[in-house]
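Each chain, written out:
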Amino acid sequence: MNALIIGCGRVGSTIALQLHKEGWDVTVIDENEDALSRLGENWPGSFVVGHGMDTDLLRQAGIEEADAVVVSTDGDNTNIVIGQVAQKRFGIQCVIARILDPARADFYAARGLRTVCPTKTAIDTLTEAVRACEIPKVSA
Amino acid sequence: MRDPESERLMYVVIAGGGKVGANVARSLLRLGHEVTLIEQRRDRFDRLEDEFEHQVQRGDATELFVLERAGIARPPDIMLALTGDDEDNMVICQLAKERYGVPKVIARVNDPRNQAHFDLLGLAPTICATSSIMALVEHEVPEHDLIHLLELRKENLEIVEVQIDRDSPSAGKRVEGLKLPEGARLISVMRDGRSEIAVGSTMLEAGDQVLAILEPGKEDELRRVLLRR
């Protein structure tokens, strides 16, 4: 199975390494050549330098054969647009886009883009953690 | 009775207060329209505020609360996405159109390579300074064979100009005798500075400038019939 990861920051690189460990063929795209170092000393997958908005580059990175595309650059709107391009132009069923803004994540999720919103997850987890605190009741 | 004067006036929200956005805002205000300009950068916003006062707001126009503060839910008659970032412009247009029902959105394309993405997402009309300049430059090339004059995106048609020369197989033929591709028609023929509508009996000559309307993608077929290239 082929996975294409666009944006090789902390999130993208870790997903790439994890999927590779699980047996996926992984290709990573990042604008910055230095991002390759996030994948460790001997990254066995492919690494393509360029911008994910570039359709030719996406083709070159094998998007047409991808079973899953993860869009995790540091720009919400860039992720939204690339996610839709992967879905609509290349017909990829499994496209997951990281969107930090909960409002935009909801809007695009309702329109059929699989969005993951770390902000929302953080809010839920932190709120839950506060609720779980054992605070000694103050006796009246 | 409604004031006919006020019926001609529109509410326009503009995202992006750079040179383009600010000049468009200024022009619309001069015509009496109601405008809200949104600018994210602090330094730019401060300068714009001196001139536009309450008509400029600071914020990221891809954030829903910023758009709502600018009155997107009224909704405005037109949303103009004029920032220097194409991804932002695409998201602004999608939000305006699909979430808030803004009847008309117009987007600026900064990098002509992104035009295909705007088209894919159904965002039209768009305006790209680079593409407009290139079309004009193309027009000036003395030995041009086929140039694009106008794209009718909604109609999925385009208008091109073709220069007939001595070696063209169409020179000396009538329009009705040409095997024009399906989805292409000749509109007019310009000769010695005078233009006439192309009909079946119109004779093509070397030096003619022919206007044609066609479906995008038929250029090569048309070129072959008229120019054998």
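Residues numbered from 1 in each chain as written. Chains lettered and ligands numbered in written order. Predicted model: local features only at pLDDT ≥ 70, side-chain atom pairs only at ≥ 80, totals over all residues.

**Considerations on the overall build of chain B**
Turning to step 1, where the next piece is worked out: Per the secondary structure count, chain B includes eight helices and eleven strands.
Turning to step 2, where the next piece is worked out: The dimensions of chain B, computed from C-alpha atoms along their principal axes, are 65 × 45 × 30 Å.
Turning to step 3, where the next piece is worked out: Relative to its full complement of 229 residues, chain B shows a buried share of 30%.
Turning to step 4, where the next piece is worked out: When contacts within chain B are restricted to residue pairs at least 6 apart in sequence, long-range pairs at least 24 apart make up 55% of them. (Helix = DSSP H or I, 4+ residues; strand = E, 2+ residues; numbered from the N terminus. Buried ≥ 20, exposed ≤ 12 C-beta atoms within 10 Å, placed from the backbone. Contact = placed C-beta atoms within 7 Å.)

**Side note on the overall build of chain A**
Turning to step 1, where the next piece is worked out: Counting its secondary structure elements, chain A contains five helices and six strands.
Turning to step 2, where the next piece is worked out: Walking chain A from its N terminus toward its C terminus, one meets helices and strands in the order β-α-β-β-α-β-α-β-α-β-α.
Turning to step 3, where the next piece is worked out: Referenced to the eigenvectors of the C-alpha coordinate spread, the extents of chain A come out at roughly 70 × 40 × 25 Å.
Turning to step 4, where the next piece is worked out: Across the 140 residues of chain A, 35% fall into the buried class.
Turning to step 5, where the next piece is worked out: A separation threshold of at least 6 residues defines the contact pool for chain A, and within that pool the share at least 24 residues apart is 43%.

**Describing the interface of chain B and chain A**
The extent of an interface is frequently quoted as the accessible surface area lost upon association of the parts.
Turning to step 1, where the next piece is worked out: In this complex, chain B contributes 14 residues to the contact, which on the side of chain A involves 15 residues.
Turning to step 2, where the next piece is worked out: Residue contributions to the side of chain B that touches chain A peak at six residues, all from helix H5 (residues 86–99) of chain B.
Turning to step 3, where the next piece is worked out: By residue class, the composition of the side of chain B that touches chain A is seven nonpolar, three polar and four charged. (Nonpolar A, V, L, I, M, F, W, Y, C, P; charged D, E, K, R; others polar.)

**With respect to the sheet that holds strand E4 (residues 78–81) of chain B**
Residues and elements named next belong to chain B.
Turning to step 1, where the next piece is worked out: Sheet architecture is open: six strands sit in the order E3-E2-E1-E4-E5-E6, paired in parallel fashion. At either end of the open sheet lies a strand with only one pairing partner, and these are strand E3 (56–58) and strand E6 (126–127).
Turning to step 2, where the next piece is worked out: Bridge count for strand E1 (residues 11–15) against strand E2 (residues 34–39) is five bridges, and the pairing is parallel. Note that in E2 the partner of Tyr11 across the bridge is Glu34.
Turning to step 3, where the next piece is worked out: In the packing of helix H2 (residues 19–30) onto the sheet, the strands contacted are E1, E2, E4 and strand E5 (104–108), and the crossing angle to E2 comes to about 165°. (Pairing = 2+ DSSP bridges. Axes fitted to C-alpha atoms, helices over the stretch in contact; angles between N-to-C directions.)

**A short note on the domain arrangement of chain B**
Turning to step 1, where the next piece is worked out: Entries for chain B in the domain assignment read domain 1 (4–132) and domain 2 (141–227).
Turning to step 2, where the next piece is worked out: One C-alpha centre belongs to domain 1 of chain B, the other to domain 2 of chain B, and the line joining them spans 38 Å. (Domains from an automatic or database assignment.)

**Things to note about the nonpolar core**
Turning to step 1, where the next piece is worked out: Ile5 of chain A together with Ile14 and Ala81 of chain B are the most contacted members of the largest nonpolar core, which totals 66 residues.
Turning to step 2, where the next piece is worked out: Considering every element that reaches this core, the biggest residue donor is H5 of chain B, with six residues.
Turning to step 3, where the next piece is worked out: The contacts of Ala81 of chain B, once residues within four sequence positions are left out, are Ala15, Asn89, Ile92, Cys93, Val105, Ala107 and Arg108 of chain B.
Turning to step 4, where the next piece is worked out: In terms of nonpolar packing, the next biggest core, distinct from the first, is built from eleven residues, Leu186, Ala212, Leu214 and Leu222 of chain B among them. (Core = buried A, V, L, I, M, F, W, Y, C linked by C-beta atoms within 7 Å.)

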